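Notes for the structure review
Okay, here's what each chain looks like letter by letter:
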Amino acid sequence: GEKKAADKKAAEAKPAEKKGSQKKLREKARKPKKHHASRNPVLARGIGRYSRSAMYARKAMYKRKYTAPETKIEKKKKEKPPATITKPVGGDKNGGSRVVKVRKMPRYYPTEDVPRKLLSHGKKPFSQHKRKLRASITPGTVLILLTGRHRGKRVVFLKQLATGLLLVTGPLAINRVPLRRAHQKFVIATSTKVDINGVRIPKHLTDAYFKKKRLRKPKHQEGEIFDTEKEKYEITEQRKSDQKAVDTQILARIKKVPQLRGYLRSTFSLSNGVYPHKLVF
Amino acid sequence: QALVDGPCSGVRRQAMPFKCMQLTDFVLKFPHSARQKHVRVAWEKENINEKWAATRWAKKIEAREKKAKMTDFDRYKVMKAKKMRNRIIKHEMKKLLKQASKKGKKLQKAQK
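Here's a quick rundown of the structure. (Residues numbered from 1 in each chain as written. Chains lettered and ligands numbered in written order. Predicted model: local features only at pLDDT ≥ 70, side-chain atom pairs only at ≥ 80, totals over all residues. Heavy atoms only, no water.)

A look at the packing of aromatic side chains
Just so we agree on the cut-off: Two aromatic rings from Phe, Tyr or Trp, using only the six-membered ring of Trp, form a pair when their centres are within 6.5 Å; if the ring planes differ by under 30 degrees the pair is stacked, by over 60 it is edge-to-face, and anything between is tilted. Secondary structure is summarised from DSSP: a helix means a run of H or I of at least four residues, a strand means a run of E of at least two, and numbering begins at the N terminus for each. Residue exposure (1.4 Å probe, protein chains only): buried if accessible area is under 20% of the type maximum, exposed if over 50%, otherwise partly exposed.
Across all of its chains, the model carries five aromatic pairs over all chains by this definition. Ring geometry for Tyr263 of chain A versus Phe73 of chain B: centroids 4.6 Å apart, planes at 40°, classification tilted. In this pair, Tyr263 of chain A sits in helix H8 (residues 260–265) while Phe73 of chain B sits in helix H4 (residues 72–111), so the two residues belong to two different chains. Assessed through its relative accessible area of 0%, Tyr263 of chain A is described here as buried. Here a set of aromatic residues connected by ring pairs shows up, and it is made of Tyr263 of chain A together with Phe73 and Tyr76 of chain B.

Right, here's the structure in full:
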């Protein structure tokens, strides 16, 4: 690459008439040649159809005579950097100079060439763990929540968050499940999917947004501790607006599928003769 | 053991014990041990595939397969459909019962 650029610059410096032809010649010469497939078909492993001499002829080696690149005889033998240097040394009766090696031998050879691995080798912090997602869970899948206060409810999956939890919404108007996190393991993925193609989920919905807030400042140690901690959860205005923003988009798509709204409103339950391992979800 | 061949139904020509199979009503006519080609010709002439699909037997099998493949959403739709149907039936029943009871009352009145 560097050669090409340098030569192109040289070509530009030359008179304009020569420019075009010079460039073309150089580029043609530098076209990478395609390698031919093996001209020696295999009879059995390790055995080719043709002998060495036959292959010499087939590959036209008689045409390809390469000579080693000539080092100019005028050029002195490779200019190696000096191996030793003489340095002046002070003091009386010292000989005035010493011959010192430029590249010295290592002063320490470890007993093991490869350093020992730490006990914590390969152990990453939680934030760097690999997050997996079941193949059956894709954006827009209807999930059945199995744990939590919304157990049994059918809910729409939006995306997987950074910690691996699933961002999920009712939508609120249908089954009173807000934008919420759900754990992958405690969820059944049905094969019903809502088309969530163009839905824009606000970017500020991360794990930090959903994390439970707890005050921990026990300044008063005489019974006022319980007052300062958040007892009752209050829905912030931001949550309401985010919920609305996401739900309006999704509700529009749910209404297109017949009976889907009723399906999301209903809850999942088992009854006699219904065995989860036999059900197709 | 029987020599069995199903060129139009995806069964390779093979030997099979009689216990593994159930006979249908359809009979094809060709000389015994005929080649697969002749079996195929006879099969397509009689149009067995269509005849089979029209039998109740095949329809029951199909219904069973569909039921096993039902997803959660399908089950919900079936539930709603059944509910609707039962409502309609009950409604009609009640109408008939009402008529019957009215008739009965009329008769009683007339007898008195």
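Read on, since the account is not over.
Considering the pattern of salt bridges
All names here are of chain A. Convention followed: Take a side-chain nitrogen of Lys or Arg and a carboxyl oxygen of Asp or Glu: if they are within 4 Å of each other, that pair is a salt bridge.
Applying the stated criterion to the full structure yields eight salt bridges over all chains. A salt bridge links Lys240 to Glu237; the shortest N-O distance between them is 3.6 Å. With Lys240 and Glu237 both in helix H7 (residues 237–256) and three residues apart, this pair spans about one turn of that helix. Its relative accessible area of 58% is what places Glu237 among the exposed residues.

Regarding a positive patch on the surface
Definition in use: Nonpolar side chains (Val, Leu, Ile, Met, Phe, Trp, Tyr) are joined into patches within 5 Å and like charges within 9 Å, using only residues with over 30% relative accessible area and no salt bridge. With residues, only the protein chains shown are counted as cover, and all accessible areas are computed by Shrake-Rupley using a 1.4 Å probe. Positive charges come from Lys and Arg, negative ones from Asp and Glu, while His and the chain ends are left out of the count. Lys charges are placed at NZ, Arg charges at CZ, Asp charges at CG and Glu charges at CD.
Side chains of Lys255, Arg261 and Arg265 of chain A together with Lys80, Lys83, Arg87, Lys90 and Lys94 of chain B sit close together on the surface and give a patch of like positive charge. Secondary structure elements with two or more residues in the positive patch: H8 of chain A together with H4 of chain B. Broken down by element, the positive patch gets its largest block of residues, five residues, from H4 of chain B. Topologically, Arg261 of chain A is positioned in helix H8. Residue classification places Arg261 of chain A among the partly exposed residues on the basis of a relative accessible area of 39%.

Considerations on helix H1 (residues 36–46) of chain B
All names here are of chain B. For clarity, the threshold we go by: Arc, as used here, means the arc of the directions from the helix axis to the C-beta atoms.
For H1, the full list of buried residues reads Val39, Ala42 and Trp43. For H1, the arc enclosing every buried residue in end-on projection is 100°, short of the 170-degree limit, so these residues lie on one face. Turned more than 90 degrees off the buried face of H1, the exposed positions are Lys37, Val41, Glu44 and Lys45.

A word on the interface of chain B and chain A
As a reminder of what qualifies: By the convention used here, residues are in contact when the closest approach between their heavy atoms is within 4.5 Å. Throughout, buried area stands for the accessible area (probe radius 1.4 Å) lost by two parts on being put together, summed over both. Here a polar contact is recorded for every N or O atom pair within 3.5 Å, except that within protein the pair must consist of a potential hydrogen donor and a potential acceptor, and residues adjacent in sequence are included only if both atoms are side-chain atoms. Note on residue classes: Ala, Val, Leu, Ile, Met, Phe, Trp, Tyr, Cys and Pro are nonpolar, Asp, Glu, Lys and Arg are charged, and everything else, Gly too, is polar.
Facing the ten residues of chain B at the interface are 16 residues of chain A. For the pair chain B and chain A, the two sides together bury roughly 930 Å², of which 57% comes from carbon and sulfur. Together, Asp72, Phe73 and Tyr76 of chain B form the three largest contributors to the area buried by chain B at its contact with chain A, with a combined 61%. The tally of links between chain B and chain A comes to one salt bridge. One salt bridge in this structure joins Arg154 of chain A and Asp72 of chain B, with 2.8 Å as the shortest N-O distance. Counting across the interface, chain B meets chain A through five residue pairs in polar contact (both at pLDDT 80 or more). Listed by contribution, the elements that provide at least two residues to the side of chain B that touches chain A are helix H3 (56–69) and H4 of chain B. With six residues, the top contributor of residues to the side of chain B that touches chain A is H4 of chain B. Classifying every residue of the side of chain B that touches chain A gives four nonpolar, one polar and five charged.

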